[in-house]
Amino acid sequence: MGYTLKEIAGQHHRMFCDVAETATQAYQDFWRALASGESRQGTFRRINAQGSDIWLEATYLPIKNRRGSVISILKIANDITAAHQEAERKMPY
């Protein structure tokens with residue numbers, strides 16, 4: 001992503017997203033589901049430190065404490081930007 005730990009520590013996930021996306025109901029529902037303990041996976045567009053779009057194949061996993069409350073979210077992701085861009089170039093319009 002190109003960020004340093006100092007740049008992202010304590011920041012909300014929305015810093016990696018387009019502002020228009022974070023304003024959507026779908027984005028709010030995504031975080032509501034995670035907060036309730038549901039994992040999510042898929043292909044996601046994000047913004048790197050240089051301001052460019054990147055595409056991630058990612059899984060978001062809620063981490064719970066002993067009481068069952070979600071205390072953090074673990075994200076495991078692979079950068080699939082090159083494959084995504086290649087697929088877009090091959091799509092007939």
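Parameters and conventions
- Residues numbered from 1 in each chain as written.
- Predicted model: local features only at pLDDT ≥ 70, side-chain atom pairs only at ≥ 80, totals over all residues.
- Heavy atoms only, no water.
- Phe/Tyr/Trp six-rings, centres within 6.5 Å; stacked < 30°, edge-to-face > 60°.
- Helix = DSSP H or I, 4+ residues; strand = E, 2+ residues; numbered from the N terminus.
- Pairing = 2+ DSSP bridges.

Per an unreviewed UniProt entry, the recorded name for the protein chain is PAC domain-containing protein, and the organism is Vreelandella sulfidaeris.

### A word on the packing of aromatic side chains
Taken as a whole and assessed by the stated rule, the structure comprises seven aromatic pairs. Judged by centre distance (5.3 Å) and plane angle (85°), the rings of Tyr 3 and Phe 16 are edge-to-face. Separated by 13 residues along the polypeptide, Tyr 3 in the segment before α1 (5–8) and Phe 16 in the loop between α1 and α2 (19–22) bring together distant segments of the chain.

### Some thoughts on the pairing of strand β2 (residues 53–64)
Inspection of the sheet shows strand β1 (residues 40–47) paired to β2 by eight bridges, in the antiparallel sense. The partner of Phe 44 across the bridge, within β2, is Leu 56. The antiparallel hairpin formed by β1 and β2 contains five residues in its connecting segment, where Gly 51 sits at a positive phi of about 85°. Here nine bridges tie β2 to strand β3 (residues 70–79), and the two strands are oriented antiparallel to one another. Within the sheet, the bridge partner assigned to Thr 59 lies in β3 and is Ile 76. Hairpin connection between β2 and β3: a loop of five residues separates the two successive antiparallel strands, and Gly 68 in this loop has a positive phi of roughly 90°.

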